[in-house]
Amino acid sequence: MNRLVPLPVVVPLLGAALTLILVSRPRLQRTVSVVALTTNLVVAVLLLVRAHRDGPVVTEVGGWPAPVGIVLVADQLAALMLVVSSAVTLCVLLYSIGQGRAETSESAPVSIYHPTYLVLTAGITNAFLAGDLFNLFVGFEILLAASFVLITLGGTEARIRTGSTYVVVSILSSMIFLAAVGLVYAATGTLNLAQLAGRLDALPDGVRLALQLMLLLAFGIKAALFPLSAWLPDSYPTAPAPVTAVFAGLLTKVGVYAIIRTETLLFPDGAASTLLMVAAGLTMVVGVLGAVAQSDMKRLFSFTLVSHIGYMIFGVALGTAAALSGAIFYVVHHITIQTTLFLVAGLVEERTGSTDLRRIGGLARIAPLLAVLYFVPAMNLAGIPPFSGFLGKVGLLQAGVAHGGALPWVLVVAGTLTSLLTLYAASRVWNIAFWRAPQLATADPVSRLPTLMVGATVALVVLGLALTVAAGPLFQVTADAAVDLRLRTPYVRAVLPGGPS
C-alpha cells in the first residue's frame, strides 16, 4: 500500500507529459486525462480506507529515510482531501470536455488546457501529501504555475488584467512562504514536519510565534482569509467556467489544509487562536456582505467562497476535537458545493450568454433542470436542513458554544448571521434569475445544453447529496482525523518510527 502514496502525484504528471505530446490529437488528450484522474480517485479511496483502518501511510521518496529524505504521508486528513479533490477534478474535467466539444470560442478549453490541468492536479495532491515544509512549498508552486496559465486562457483583456493581479498576489504569498521556510530551517535545522513537531516546542516563545505568524500570513493569502482576500472576487469570475470552478473548490482549500496541518502539528499551543478567531469572524461577515451586494452570479459566488472560509478557520482557531472535526467536514462539503455552484453559473452563461442578474430571468420555466441544479447546492450552501451544509455549521457552532468564552460566542452569532445572509443571497439569485419573467439575455435562449456539461454538474450535485446521506460515517472519519491531529503522535511515529530527534 505504501507504493500507492506517490501515484496521485506521479500519474497526473505523466498524464500531463503524454497529453503535451498528443497536443494535436484532442481525442487522445481527453482519454489520457480522464484515465489519469480516474486512477487518482481509485488510489485516493484505497489510501483513505487504509489510513482510517491502520493509520498514516508513508512513502520515503528515493529510498532516503526521514528526516533526511522527502516523505509523502497519507493520514486520514490528507487521504480524505485526496478523495474529494480527485472526485471534483474529474467532474470538472468532464465538464470542460463537454464545453470544448460544444463550442470553439475563447471560453472553451484549448489544446494546452489538458496538460496544464493535470499539472495543477499534481500540485494539489503533492501539497496534501507533503511531509515537509519545502515539499509543501513545491506543491504550492506547481499548482500556482499551472493556475497562471489556466486563469488567462483565451488571452482576453479582462483575463489578462485580473490574471495579473492573481499572479502578483500569488508570487507575494510564495515569497513570504519561502522566507518562512528559510527561517524555520535556520531556527530548527530541519523542515520535516514530524521532526519539527518536537523541535519547535524547544524554541523561545517569541521565535516560535514569529514563525507561526509568517506561515499564517502566507497561507492566509492563499486561503483568501480576510483582510487578505480582496484579490479573489476580481480574479476568479473572468476565467473560463471550469477553471473558475476548480479554483473556487480547491485552491483556497489547499491554503486551509496547510493552516490545519501546521496549526495542529507544529503549533498546538494555540498562541494565535485569538487572531484566527478575529480573522474568521471578519471573513464570514465581510465576505457575505460583499455577496449580497453583487449583481453578477460569478462575483456573488466568489464572495460566498471567501465568506465560508471563515467557518473552517473558526474550527481551527477553537482547536478542540469537535471543532477540528467540524472544520474538516466543512472543507469537504464546501469543496463540493462551491465547485457545483460555479459549474451551474457556467451552464447559465452557456444557456443565456450572461451571468448578470440584470439581464437574465425565467430560467425555471425555460430550463427546469438547470433550476434544480442551482437550487439544491444553493440551499446546501445556505445551510438549510438536512443538507450537509447545515450539519457542518451545526457541528462548528456547537463546538463554539461548548468552548465558551466571549469571542467564541461572538463567532457563533457571526456564523448564524452569515448563514442567514447566504440564504438571502442564494434566494435573491433564485428570484431574479430563475423565477421572474425572461429578460433580454434569455428572451431567445440557445438550444439544449451539452449533455456532458450537464452530466458532470449532476454528478457533483449527487455527490453533495451523498455527503448528507453519508454524514454519519463521514463525521466518524473527520472525528478520528481530528483526534489524530490533536494527538500528533500517530503522524510523528508513522514518519519517524524511532521518535523525533
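All residue numbers refer to position in the chain's written sequence, counted from 1. Selection of residues for local features in this predicted model requires a pLDDT of at least 70, selection of side-chain atom pairs for listing and counting requires 80 or more, and totals for whole chains, interfaces and linings are taken over all residues. Only hydrogens and water are removed before side-chain values are computed, so all heavy atoms of the structure are retained for them.

Before going further, it helps to spend a moment on the side chain of H114. Secondary structure follows DSSP: runs of H or I at least 4 residues long count as helices, runs of E at least 2 residues long count as strands, and numbering of each begins at the N terminus. With respect to the element layout, H114 can be found in helix α4 (residues 113-129). Relative accessible area serves as the criterion here: at 8%, H114 is assigned to the buried category. Engagement of the side chain of H114 in a polar contact is seen with the side chain of S33, the distance being 3.0 Å. The contact rule is simple, with two residues in contact once any of their heavy atoms fall within 4.5 Å. Residues in contact with H114, not counting those within four places in the same chain, are T19, Q29, R30, S33, L93 and I97. Accessibility here uses a 1.4 Å probe with only protein chains present; expressed as a share of the type maximum, an area under 20% marks a residue as buried, one over 50% as exposed, and anything in between as partly exposed. N or O atoms within 3.5 Å of each other form a polar contact, as long as, within protein, one can give a hydrogen and the other can take it, and as long as residues adjacent in sequence are counted only when both atoms are side-chain atoms.

So, on to the packing of aromatic side chains. Each aromatic ring pair is described using two quantities: the centre-to-centre distance and the angle formed by the ring planes. Note on ring pairs: Phe, Tyr and Trp rings are taken, using the six-membered ring of Trp, and paired if centres are within 6.5 Å. Classes follow the plane angle, with under 30 degrees stacked, over 60 edge-to-face and the rest tilted. Under the criterion given, the structure shown has 21 aromatic pairs. Aromatic side chains F140 and F177 sit 5.8 Å apart centroid to centroid with 85° between the ring planes, which places their arrangement in the edge-to-face category. Taken as a pair, F140 in helix α5 (residues 133-150) and F177 in helix α6 (residues 157-188) lie far apart in primary sequence, 37 residues in all. Take F140: its relative accessible area is 2%, and that puts it in the buried class. Using a relative accessible area of 0% as the deciding quantity, one classes F177 as buried. Ring geometry for F301 versus F342: centroids 5.9 Å apart, planes at 75°, classification edge-to-face. Of the two residues, F301 is situated in helix α12 (residues 297-318) and F342 in helix α13 (residues 321-352); the sequence distance between them amounts to 41 residues. Assessed through its relative accessible area of 3%, F301 is described here as buried. The cationic tip of K222 hangs over the ring face of F140; the distance from NZ or CZ to the ring centre is 4.7 Å. Working rule: Lys NZ or Arg CZ, within 6 Å of ring centre, within 35 degrees of ring normal, means a charge sits over the ring.

This paragraph deals with the packing of α5 against helix α10 (residues 241-265). Two elements in contact, α5 and α10, have axes separated by 12 Å at closest approach and are oriented at 165°. In this view, α5 runs roughly antiparallel relative to α10, as classed from their interaxial angle. As α5 runs across α10, the sense of the crossing is left-handed. Residues L133, L136, F140, L143, S147 and L150 of α5 touch α10, and the partners they reach there are V243, F247, L251, V254, G255, A258 and T262. Polar here means any residue outside two lists: the nonpolar Ala, Val, Leu, Ile, Met, Phe, Trp, Tyr, Cys and Pro, and the charged Asp, Glu, Lys and Arg; Gly therefore counts as polar. Partitioning the contact of α5 with α10 into residue classes produces 10 nonpolar, 3 polar and no charged. The convention used is that axes are lines fitted to C-alpha atoms, helices contributing only their stretch in contact, and that angles between N-to-C directions extend from 0 to 180 degrees. Oblique is the label for every angle not falling under 35 degrees (roughly parallel), over 145 degrees (roughly antiparallel), or within 65 to 115 degrees (roughly perpendicular). Crossing handedness is defined as follows: a turn of the near helix away from the far one that is anticlockwise and smaller than a right angle gives a left-handed crossing, while the clockwise case is right-handed.

What follows deals with the pattern of salt bridges. For salt bridges, the criterion is a side-chain nitrogen of Lys or Arg within 4 Å of an Asp or Glu carboxyl oxygen. One pass over the structure, following the stated rule, counts 9 salt bridges. Among the salt bridges present, the one from D54 reaches R50, with a minimum N-O distance of 3.1 Å. Of this pair, D54 and R50 both sit in helix α2 (residues 26-54), separated by 4 residues, roughly a single helical turn. Looking at D54, the relative accessible area reads 47%, which means it is partly exposed.

Within the protein chain, residue pLDDT values average 89, and 95% of them lie at 70 or more. Per residue, pLDDT measures the predictor's confidence, with a range of 0 to 100. Between residues 104-108, whose pLDDT stays under 50, and residues either more than four places distant or in other chains, the model counts 10 contacts.

Turning to a nonpolar patch on the surface, a few remarks are in order. Residues with no salt bridge and a relative accessible area higher than 30% make up the patches, which join like charges within 9 Å and nonpolar side chains (Val, Leu, Ile, Met, Phe, Trp, Tyr) within 5 Å. Calculation of accessible area relied on Shrake-Rupley with a 1.4 Å probe; when residues are assessed, cover is drawn exclusively from the protein chains displayed. Residues L20, I112 and V149 make up a contiguous nonpolar surface patch of about 220 Å² in total accessible area. Counting through the fold element by element, I112 comes out in the loop between α3 (76-102) and α4. Residue I112 is classed as partly exposed on the basis of its relative accessible area of 32%.

Attention now moves to unusual backbone geometry. Note the cis peptide between F226 and P227, where omega equals 5°. Mapped onto the fold, P227 is located in the loop between α8 (205-223) and α9 (232-235). Residue P385 is joined to P386 through a cis peptide bond whose omega torsion reads 0°. Relative to the helices and strands, P386 is located in the loop between α15 (368-382) and α16 (388-403). A positive phi is found at R488, a non-glycine position, where the angle reads about 70°. Take R488: it is sitting in the loop between α19 (471-487) and α20 (489-495).

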